[in-house]
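# Coordinate analysis (summary)
Each chain is listed here by its residues.
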Amino acid sequence: MQSEVMKHFGLIRGLPRAGYFETAQQRRVFDDIKIAIHGGQLLALVGLVGCGKTTTLHRLTAALRDEREILVSQSLAVDKHRINLGTLMLALFYDLVTEKDFKVPTQPEKRERKLIEVIAKRKKPVALFVDEAHDLHPKTLVGLKRLVELVQNNGGTLSVVLVGHPKLRNDLRRPALEEIGARTTLFWLDGIKGQELAYLDWLLEQCAPAAAAELLTPEARERLAAALSTPLQIEQYLTLALEAAYQVGQKPVTLEVIEAVLAADIDALEATLTRYGYNTRALADLLNVRPTEIRSFLHGQLAPGRTQELHGQLLAAGLPV
């Protein structure tokens, strides 16, 4: 957001820097994950795109580090498509080893034995957190399951917390991944579901404490909260609304401005599937069809019979169509 817009509306910080809006459901998820980590297992924290998974992850790992009962490790590698088990084990070594000038063994057998030794030496449960885990290859998931079991069989405790879109949940439920899915404890993150209005009010108070009540008309406030469902959406469209109102010198933001900036296809099939982690390529891979056919399906350009066929396959796969 431009500084002129922020000054015009009395914002002291940008919307993405508002802080952490905690719900009762998030607190329950925190407590349940902490308990589950002590059991040494695969865990999956799943939620819609923009619901606050990464923010929640940062909050959770920070809390665990402060409590010091669980050792926290995180993979910082960006390209999840290329991450393999070796990369994730390297993250564990980096975060758990205390010796200076330690060299990670490159041979698989030595590497695994040394990692088990390192975990046993720390004498605390270890939690490896992997964000954007919906992009991990199935072979990597299988490897993580075996690593958890290997550590457990040798007296240690390792849990792997996979964080990702609902696509991760659906993938784990597929018969081909039954070996993993049946052994994974799933946690669903609601985000601000049912509290959209409370989140909007909190956001305004955090960013414009002296002018929060004067930024939106009551109708604009209610419309914005009713049309949107995640923190990311509210931040995005509130920013657009403030910028649009500033351009015409309007204050507070009215219902007409909100209607003008809201995308007409915000709840269209393509947008909904994207929030679940399914872009064109992911859908094509899931249905084993060409991306061009997926694009035609999403834009309503396929023959009715073929459209119904793909629609049924997506429903069977657990997608919201």
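Now for a description of the structure that goes with this document. (Residues numbered from 1 in each chain as written. Predicted model: local features only at pLDDT ≥ 70, side-chain atom pairs only at ≥ 80, totals over all residues. Heavy atoms only, no water.)

## Some remarks on the pattern of salt bridges
Filter applied, for reference: Definition used for salt bridges: Asp or Glu carboxyl oxygen within 4 Å of a side-chain nitrogen of Lys or Arg. Secondary structure elements follow DSSP: runs of H or I of four or more residues count as helices, runs of E of two or more count as strands, with numbering from the N terminus. Note on classification: 1.4 Å probe, protein chains only; a residue is buried when its accessible area is under 20% of the maximum for its type, exposed when over 50%, partly exposed between these limits.
Counted by the stated rule, this structure contains 16 salt bridges. A salt bridge links Lys 114 to Glu 117; the nearest nitrogen and oxygen atoms lie 3.0 Å apart. Linking Lys 114 with Glu 117, this pair stays in helix 5 (residues 108-122), spanning 3 residues, or about one helical turn. When its relative accessible area of 24% is taken as the criterion, Lys 114 is described as partly exposed. The class for Glu 117 is partly exposed, based on a relative accessible area of 45%. Among the ionic pairs, Asp 267 bridges to Arg 275, the shortest N-O distance being 4.0 Å. Asp 267 gets classed as exposed once you look at its relative accessible area, which sits at 56%.

## Quick look at the nonpolar core
This is how it is decided: Only buried Ala, Val, Leu, Ile, Met, Phe, Trp, Tyr and Cys residues count toward a nonpolar core, and they belong to the same one when joined by side-chain atoms within 4.5 Å. When checking whether two residues touch, look at their non-hydrogen atoms; a contact exists if any pair is within 4.5 Å.
Formed by 36 residues in total, the largest nonpolar core has its most connected members in Ile 33, Ile 37, Phe 129 and Leu 283. Contributing elements (two or more residues each) for this core: helix 2 (24-37), strand 1 (42-46), helix 3 (53-67), strand 3 (126-130), strand 4 (158-164), helix 14 (280-287), helix 15 (291-298) and helix 16 (304-316). Sorting elements by how many residues they give to this core places helix 2 first, with 5 residues. Those residues within four positions of Phe 129 in sequence are excluded, and the remaining contacts are Ile 37, Leu 57, Leu 60, Thr 61, Leu 64, Val 72, Ser 73, Gln 74, Ser 75 and Val 161. Within the second largest apolar cluster, 35 residues are counted, among which are Phe 9, Leu 203, Cys 207 and Ala 245.

## A word on the packing of aromatic side chains
Our working definition: Centres within 6.5 Å are what make two rings of Phe, Tyr or Trp a pair, Trp counting through its six-membered ring; a difference in plane orientation under 30 degrees is then read as stacked, over 60 as edge-to-face, and the rest as tilted.
Taken as a whole and judged by the stated rule, the model has 4 aromatic pairs. Grouping aromatic residues by their ring pairs yields a cluster made of Phe 21, Tyr 199 and Trp 202.

## Comments concerning unusual backbone geometry
A cis amide bond links Lys 251 to the next residue, Pro 252, at an omega of 5 degrees. Examined against the element boundaries, Pro 252 turns out to sit in the loop between helix 11 (231-247) and helix 12 (255-261). One non-glycine residue with positive phi stands out, namely Lys 123, at about 60 degrees. Here Lys 123 lies in the loop between helix 5 and strand 3. What makes Lys 123 exposed here is its relative accessible area of 75%. Not every positive phi belongs to a glycine, and Asn 288 is a case in point at roughly 60 degrees.

Interpretation note: all reported values are geometric properties and have no functional meaning in isolation.
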